[in-house]
Amino acid sequence: MSVTSLDKDFDSLTLTLIADFTAPVERVWRLWADPRQLERWWGPPTYPATMEQHDLTPGGEVAYFMTGPEGDKHHGWWRITSVSPPTSLEFTDGFANPDGTPAADMPTTTVRVLLTEHDGGTRMELRSAYDSREQMERMLEMGMAEGLQQAVGQMDALLVD
C-alpha cells in the first residue's frame, strides 16, 4: 500500500496522510485532474464516487456522490481555492444534500494536496484542516481517517494503467 503515514494532530487540528508512489508527479496529478480517474479512487472501495461536476480552477467546484453497497447515496462538494498543476491543489470539502446544496449541519474541511518528486517517484501529502477539535473528532468518529487510507490505497492500481 502506498500510504506511509497518517498523523492526527489535535494541537494543529490537522489530519495528514503521506503516500509514496513509483509514478512521476504528472501521472499522480492526473488522478486528481481527470474526473474519470478521480471517480476510481475517491472514496472507500465499497463507496465508489461519481463526479457530476469537476472544475479544478480557482473558484471552481467539484460535485460528486458516493454510492454505498445498499445503493445509498452520499453527496459532497469541493470549492477550489488554489491550484498549481501538477504539484498542488487546495479546496474546501463538504457534505451536500441530495440536491447538491451544502449540508449546513455538517462540518467542512480545508484540504491541501502537495505532490513532490521523491525517491524517483512521487510523494503526496494530503492535509485536512479543521476549524475546531470538536469538528475534527466528529469527522474521525465518522471514519474519515480509515476511509481516506482506503481511498488513497486504490491509487496504486490506477497508476499502472
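Counting restarts for each chain, with residues numbered from 1 along the sequence as it is written. Selection of residues for local features in this predicted model requires a pLDDT of at least 70, selection of side-chain atom pairs for listing and counting requires 80 or more, and totals for whole chains, interfaces and linings are taken over all residues. Side-chain measures here rest on the full set of heavy atoms in the structure, leaving out hydrogens and waters.

Time to look at helix α4 (residues 144–153). Categorising residues by exposure relies on relative accessible area from a 1.4 Å probe, with only protein chains included: less than 20% of the type maximum marks a residue as buried, more than 50% marks it as exposed, and the intermediate range marks it as partly exposed. The numbering of helices and of strands both runs from the N terminus, where a helix is a DSSP run of H or I of at least 4 residues and a strand a run of E of at least 2. Of the residues making up α4, those classed as buried are M144, A145, G147, L148, A151 and V152. Viewed along the axis of α4, the buried residues span an arc of 165°, placing them on a single side of the element. Whether two residues are in contact is decided by their heavy atoms: any pair within 4.5 Å suffices. The inward-facing, buried residues of α4 contact β1 (3–9), β2 (14–21), β8 (121–129), α3 (133–141) and α5 (155–159). Working note: the arc is built from the helix axis to C-beta atom directions.

Now for the pattern of salt bridges. The salt bridge definition used is simple: a Lys or Arg side-chain nitrogen within 4 Å of an Asp or Glu carboxyl oxygen. Counted according to the given criterion, the structure contains six salt bridges. Among the salt bridges present, the one from R123 reaches D20, with a minimum N-O distance of 2.7 Å. In this pair, R123 sits in strand β8 while D20 sits in strand β2, placing the two residues 103 residues apart along the sequence. Salt-bridge contacts for R79 lead to E61; the nearest nitrogen and oxygen are separated by 3.5 Å. Of this pair, R79 sits in strand β5 (residues 73–84) while E61 sits in strand β4 (residues 61–67); the two residues are 18 residues apart in sequence, bridging distant segments of the chain. Each of the salt bridges in this network shares a partner with another, and the network as a whole consists of R112, E125 and R127.

Spatially, β1-β2-β8-β7-β6-β5-β4-β3 is the arrangement adopted by the eight strands of the open sheet, whose pairing is antiparallel. With partners counted over all chains shown, the strands left at the sheet margins are β1 and β3 (49–54), one partner each. On average, adjacent strands in this sheet sit at an angle of 20° to one another, irrespective of strand direction. Whether two strands pair comes down to DSSP finding at least two bridges between them. One ladder, built from six bridges, connects β1 with β2; its direction is antiparallel. By the bridge assignment for β2, K8 is matched with L15. Between N-to-C directions, angles span 0 to 180 degrees; the directions come from axes that are lines fitted to C-alpha atoms, helices contributing only their stretch in contact.

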